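Okay, here's what each chain looks like letter by letter:
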Amino acid sequence: MSALPLFPVTTVGSWPRPPALLRAQRLKRLGRMSAEEFNRLADEAVLEALRLQEEAGVDVVTDGEQRRDNFYSFVSEKLDGVRLMTLAEMLDVVEDKAGFERILRTLDAPAYSISTATCVGKVRRRKPLALDDLRFLKRHSTKAIKVTLPGPYLLTRSMYLPPLSSEAYPTKEDLGEDVVQVLWEEVQALAQEGVDFIQLDEPVLTELVFSQGQTRTFMCAALAARKDPAEELEFALALLNRVVKGISGVRIGLHVCRGNWSQKEETLLSGSYHPLSPYLKQMQVQQLVLEYATQRAGDLVSFPDKELGLGVVNPRLERVETIDDIRRAVERALETYPADKLWLNPDCGFGTFSNRPVSQPEIAARKLANISAVARLLREQG
Amino acid sequence: MNEYTCDLRAAVQDSEPATVYIRKHRFSVGAPLHFDQEYPYITALEHALGALAADIAGGLQAAARRHRVPVDHIEAVLTGRLNNPLTYLGVVGEEGHPGLERVAVTVYVSSPAAQEEVQRLWIETLQRSPLVSTFRKAVHLELSYQIVL
Ligand SMILES: [Zn+2]
């Protein structure tokens, strides 16, 4: 990898999967397609996602999370003690059933079609989470590579379902210990393999501060929150800093957003990053990848020692943001951040949940191309 | 079999719920309607709407079997809106009636079959459904299906 230019352009991870791959995912789940056959289709999809990113001028590429069903439940295939459960199965065991039904209505999806990872025993890293994906990308791209991983708080919180998890772990804090270990091992392995950027996703942090105790996503529905948000945020902070402890030679980023499961903006959370900022400041990461293209994110918050992965396009909007729109957004951010600390990216992934993508590949590619165009303009201006 | 009747008995003792005896089965039914999410029984209205959703989902499954169309999953979601729930409580001066005004059902189907095939099953399901035929005459019914990959 050569040195990155100013205003590096990247994505937040996911890319819409082609219909053939979605069908294959279902067949694989039902045991009607072999892992080899699935991988062949997934390889093709990754290469296509890669091609579109490279053509759009992206500097740091991802594999579009094509092999994953969504950004976190895929860990069930790689870890001992974790089982994939559909939301239909979870309906029987979640505490807040009415809240859960509201969430399902917002998703406009059947409960059987969305799966989540649940802890049912001692959690161990049986297989690497993303190392093979990284190796595949390295064989097919000369660009710098970003790998996304679910953050430790998200994993701990979403996987802990008391009726199924409490035999292995009396509390979710106990589960957190092993989640940290698994992610720490993975981060070490990715760093040794020469990944350029590891992005940890912690989308539910916003839920702790903006939802007034109302559960808003199924990632948090399993375990009704009884704790003070501040206590949960301290817990999240401690977990994350342990995952990245002692890592060097790789850029670590943290992505926090307000939900990406619906194109209906009004169903997503809103509020500024301010209430999270004391915690985000203490997270031992170089970069915060934050959404700012949506009004719901409020004003730009300053994090003096960190890079900002500035969200400049809304992945859920069909309208492609113009070069002028994006440029204005970057210029505003330059009032707070020095140029060498600014990265440019969309607010979130384009296909966070495989069967509920928020965009189409053509639109996503055009958005990325406009971001790249702005980056080039700004670099030329010097 | 052009004469079929459905014979059942509902008994209430002291307080709710009612016990319904049907063939060799029994089930409990709570109040006609209740507004408390924590109410411990399934209301009569909920039973009726649950039956309608299950009738459509189950009917579609049966149609798929009849025509040997592979279907992996079917799930129906239903929303029923009453004309004026306050009339159930007997609030003085309220207009309207406590009956259902609008019922919307969306059925999610996962099937490798072609869309036209699923469409045929859907039409047949609605034509053959006892509860759809009945509800149609009384309520504004909005029925739709979505194919989910
Ligand atoms: Zn996001």
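Residues numbered from 1 in each chain as written. Chains lettered and ligands numbered in written order. Predicted model: local features only at pLDDT ≥ 70, side-chain atom pairs only at ≥ 80, totals over all residues. Heavy atoms only, no water.

Engineer: Could you clarify how one ought to interpret the pairing of strand β8 (residues 307–313) of chain A in this entry?
Structural biologist: For a regular strand, the rule is simple: side chains alternate between the two faces of the sheet. All names here are of chain A. Counting buried residues along β8, seven of its seven residues qualify, which places the element largely inside the surrounding structure. With four bridges joining them, strand β7 (residues 287–290) and β8 adopt parallel strand pairing. Bridge assignment links Gln287 to a residue of β8, and that residue is Glu307. Across five bridges, the pairing between β8 and strand β9 (residues 342–346) is parallel. Paired with Leu308 across the two strands is Leu342, which belongs to β9. Each parallel crossover has a hand, and the one from β8 via helix α13 (residues 323–334) to β9 is right-handed. (Buried < 20%, exposed > 50% of the residue type's maximum accessible area, 1.4 Å probe, protein only. Helix = DSSP H or I, 4+ residues; strand = E, 2+ residues; numbered from the N terminus. Pairing = 2+ DSSP bridges. Right-handed = clockwise from strand over helix to strand, strands pointing away.)

Engineer: Help me out: how do you make sense of the pattern of salt bridges in this one?
Structural biologist: A side chain with one charge may pair with a side chain of the opposite charge, provided their charged atoms come close. Residue and element names in this part refer to chain A. Overall, the coordinates contain 31 salt bridges over all chains when judged by the stated rule. Put simply, Arg40 and Glu37 hold a salt bridge, and the shortest N to O gap is 3.5 Å. Of the two residues, Arg40 and Glu37 are both situated in helix α2 (residues 35–55); the distance of three residues between them amounts to about one turn of the helix. A relative accessible area of 43% places Arg40 in the partly exposed class. For Glu37, a relative accessible area of 32% corresponds to the partly exposed category. Across the pair Arg83 and Glu89 runs a salt bridge, and its minimum N-O distance is 3.6 Å. Residue Arg83 is classed as partly exposed on the basis of its relative accessible area of 38%. What you see here is one network of salt bridges that share partners, running through Arg157, Lys172, Glu173 and Glu232. (Salt bridge = Lys/Arg side-chain N within 4 Å of Asp/Glu carboxyl O.)

Engineer: Can you help me understand the coordination of the zinc ion in this one?
Structural biologist: Note on metal sites: the ideal angle is 109.5 degrees for four tetrahedral donors, and 90 or 180 degrees for six octahedral donors. All names here are of chain A. On the protein side, the zinc ion has His255 (NE2), Cys257 (SG) and Cys348 (SG) as donor atoms, found 2.1 to 2.2 Å from it. Positions of the donor residues of the zinc ion, expressed as sequence spacing, correspond to H-x1-C-x90-C. An identical accessibility class is assigned to His255 and Cys257; each is buried. (Donors = N, O, S within 2.8 Å, 3.2 Å for Na, K, Ca; no water.)

Engineer: Looking at this structure, I do not really get the interface of chain B and chain A. What am I missing?
Structural biologist: Buried accessible area, meaning the area lost when the parts come together, often serves as the stated size of an interface. Taken together, the contact between chain B and chain A spans 16 residues of the former and 16 residues of the latter. For the pairing of chain B and chain A, the buried interface totals around 1,300 Å² over both sides, and the portion due to carbon and sulfur atoms is 51%. When residues of chain B are sorted by the area they lose upon contact with chain A, Glu75, Tyr108 and Leu149 of chain B head the list and together hold 46% of the total. Along the contact surface separating chain B from chain A lie two salt bridges. Arg26 of chain A is paired through a salt bridge with Asp72 of chain B; the nearest N and O atoms lie 2.1 Å apart. For the pair chain B and chain A, the number of links is eight residue pairs in polar contact (both at pLDDT 80 or more). For the side of chain B that touches chain A, the elements supplying multiple residues, two or more each, are β4 (73–82) and β5 (100–110) of chain B. In terms of residue count, β4 of chain B provides more of the side of chain B that touches chain A than any other element does, six residues in total. Partitioning the side of chain B that touches chain A into residue classes produces eight nonpolar, six polar and two charged. (Contact = heavy atoms within 4.5 Å. Buried area = accessible area lost by both parts, 1.4 Å probe. Polar contact = N/O pair within 3.5 Å; in protein donor to acceptor, adjacent residues only side chain to side chain. Nonpolar A, V, L, I, M, F, W, Y, C, P; charged D, E, K, R; others polar.)

Engineer: How should the layout of surface pockets be read in this particular structure?
Structural biologist: In this approach the atoms are scanned with a rolling probe the size of a water molecule, which exposes any empty space left behind. The volume enclosed by the largest pocket comes to roughly 1,600 Å³. Lining the largest pocket are 35 residues, with Glu101 and Arg105 of chain A together with Gln37, Glu46 and Leu78 of chain B positioned closest to its centre. Listed by contribution, the elements that provide at least two residues to the lining of the largest pocket are α4 (97–107) of chain A together with α1 (44–66) and β4 of chain B. Top element by residues in the lining of the largest pocket is β4 of chain B. It accounts for eight residues. For the lining of the largest pocket, the class distribution of residues is 19 nonpolar, six polar and ten charged. The volume enclosed by the second largest pocket comes to roughly 550 Å³. Taken together, the elements giving at least two residues each to the lining of the second largest pocket come down to β8 and α13 of chain A. Top element by residues in the lining of the second largest pocket is α13 of chain A. It accounts for five residues. (1 Å grid on protein atoms, 1.4 Å probe; cavity = no way out; pocket = protein on both sides within 12 Å on 5 of 7 lines; lining within 4 Å. Points joined across faces, edges and corners; volume = space filled by probe spheres on them.)

Engineer: Quick question: what am I supposed to make of empty space enclosed by the protein here?
Structural biologist: Residue and element names in this part refer to chain A. Throughout the structure, instances matching the rule amount to five cavities of 30 Å³ or more. Estimates place the volume of the largest cavity at around 200 Å³. Along the wall of the largest cavity there are 23 residues; nearest its centre are Phe71, Pro203, Cys257, Cys348 and Thr352. Mapped onto the lining of the largest cavity, the elements with two or more residues apiece are β5 (197–201) and α9 (205–210). When its residues are assigned to classes, the lining of the largest cavity shows ten nonpolar, nine polar and four charged. Taken as a whole, the second largest cavity spans an internal volume of roughly 80 Å³. Forming the boundary of the second largest cavity are Thr62, Asp63, Gly64, Glu65, Arg68, Ala130, Asp133, Leu134, Leu137, Lys146, Val147 and Thr148. Those elements giving two or more residues to the lining of the second largest cavity turn out to be α5 (131–140) and β4 (144–150).

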